[in-house]
Amino acid sequence: MGRVHRLALLSISATVAVGLVGCSSSPEESDSGAQTSGTSTESVVVYSGRDEDLVDPLISRIGGNIEVDYSGNTNAQAAKILEEGDASPADVFYGQDAGALGALDEAGALAPLPQDILELVPEQYRGADGTWVATSARARVLAYNSDIVTASDLPAGIDGLLDPRWRGQIGHAPTNASFQAFVTALRVQRGEDGARQWLDGFLANEPVAFEGNGPLMTAVNDGQVATGLTNHYYWYPFKAENGDAAPIELHYFAPGDPGALVNVAGAGVLATSTNQEAAQDFVRELLSAESQAYFADETAEYPVIDGVTSSYDLPPLADLGASDIDLGQLASLEQTQALLTEVGMI
């Protein structure tokens, strides 16, 4: 598939997501503009699809001559890199989703990383051809309001969400890159027809769409909806802020279910960068013990290097029974967005 077609499909959700105010308030989407840490022509230019409020404290801690463009969510930033082509000023792409990283890799936009960087991260959390690495991981979950439903009421897998008992009681964030990665995993596991069938059934159950995972969490907690498909790390800070009395809880889907996806945020160096060494150093810093501890303790994400633990009581990744998906297979983002458009979800 050509670069122009890929860009157009990436931009389906990018255009929608950047235009939504709620996405800017989500930990994973922002349209806050560029922040400049240095003016030298040798500065490292980072296109970040991660929210400025989330990662700017970390990048400031890393220090150095770094310019960060926060002008869109992960899909928008990936689309911009493809649109700019060889003229892109970006040195590093830093996104929330393996699918966007894989799409850039398939387009030939990323350069191979040095072996010392790759060896820091387990094989399943890096690109097969060594062009990107995970910087943190997160699990897909079902948040639920314990005042409305009990844990025993909840389905073991996503097919249970098609039961009419959940009509109008499931929240989702269809323009969010993490939701779209889940749909991509569903396509990989069940094929196009199987994924379309599930999406049609899901939409027939009248789920409630939100502009980001932050508003979704609030809606579940307030009882606007009984449940919501989201990522685990939204719950921990929310619960800490709102106290144990907050009725929102987490439910993990059964091992192997498409809803049990473990996805990653990650980074890669642009093949067109004229500042390769400094860009690689920035990626190394994202994998330092200090940076990994930041994600573990400040955002409740899973660290991806050995020896770093979280102050939050996170269940071990090995215990989650994640769906058996090669993260490189999540690169078919454009087909996912086309399918979501076809069924009327975006």
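Attention in this report is confined to the structure presented alongside it. (Residues numbered from 1 in each chain as written. Predicted model: local features only at pLDDT ≥ 70, side-chain atom pairs only at ≥ 80, totals over all residues. Heavy atoms only, no water.)

**What about the pairing of strand S4 (residues 92-95)?**
Burial along S4 is two-sided: the face carrying Val 92 and Tyr 94 and the face carrying Phe 93 and Gly 95 are both buried. Across three bridges, strand S2 (residues 44-48) lies against S4 in parallel orientation. The residue bridging Ser 48 from the neighbouring strand is Tyr 94, located in S4. Here four bridges tie S4 to strand S10 (residues 262-269), and the two strands are oriented antiparallel to one another. Counted as the bridge partner of Tyr 94 is Ala 267 from S10. (Buried < 20%, exposed > 50% of the residue type's maximum accessible area, 1.4 Å probe, protein only. Helix = DSSP H or I, 4+ residues; strand = E, 2+ residues; numbered from the N terminus. Pairing = 2+ DSSP bridges.)

**A few points about unusual backbone geometry**
Its identity is not glycine, yet Glu 206 carries a phi of approximately 55°, on the positive side. The topology assignment puts Glu 206 in the loop between helix H7 (177-204) and strand S7 (208-209). In this structure Glu 206 comes out as partly exposed when scored by relative accessible area, which is 48%. A positive phi angle, near 65°, is found at Ala 300, a position not held by glycine.

**Considerations on helix H12 (residues 333-343)**
Burial in H12 covers these residues: Leu 333, Glu 334, Thr 336, Gln 337, Leu 339, Leu 340 and Val 343. Of the residues flanking the end of H12, it is Gly 344, one or two places downstream, whose phi is positive at about 90°.

**Observations concerning the pattern of salt bridges**
If you walk through the whole model with that rule in mind, you get 10 salt bridges. Of the charged contacts in the structure, one is a salt bridge between Arg 190 and Asp 159, with a shortest N-O distance of 2.8 Å. Of the two residues, Arg 190 is situated in helix H7 and Asp 159 in the loop between strand S5 (133-145) and strand S6 (170-172); the sequence distance between them amounts to 31 residues. The class for Asp 159 is partly exposed, based on a relative accessible area of 41%. Sharing partners across several salt bridges, the network here consists of Asp 116, Asp 281 and Arg 284. (Salt bridge = Lys/Arg side-chain N within 4 Å of Asp/Glu carboxyl O.)

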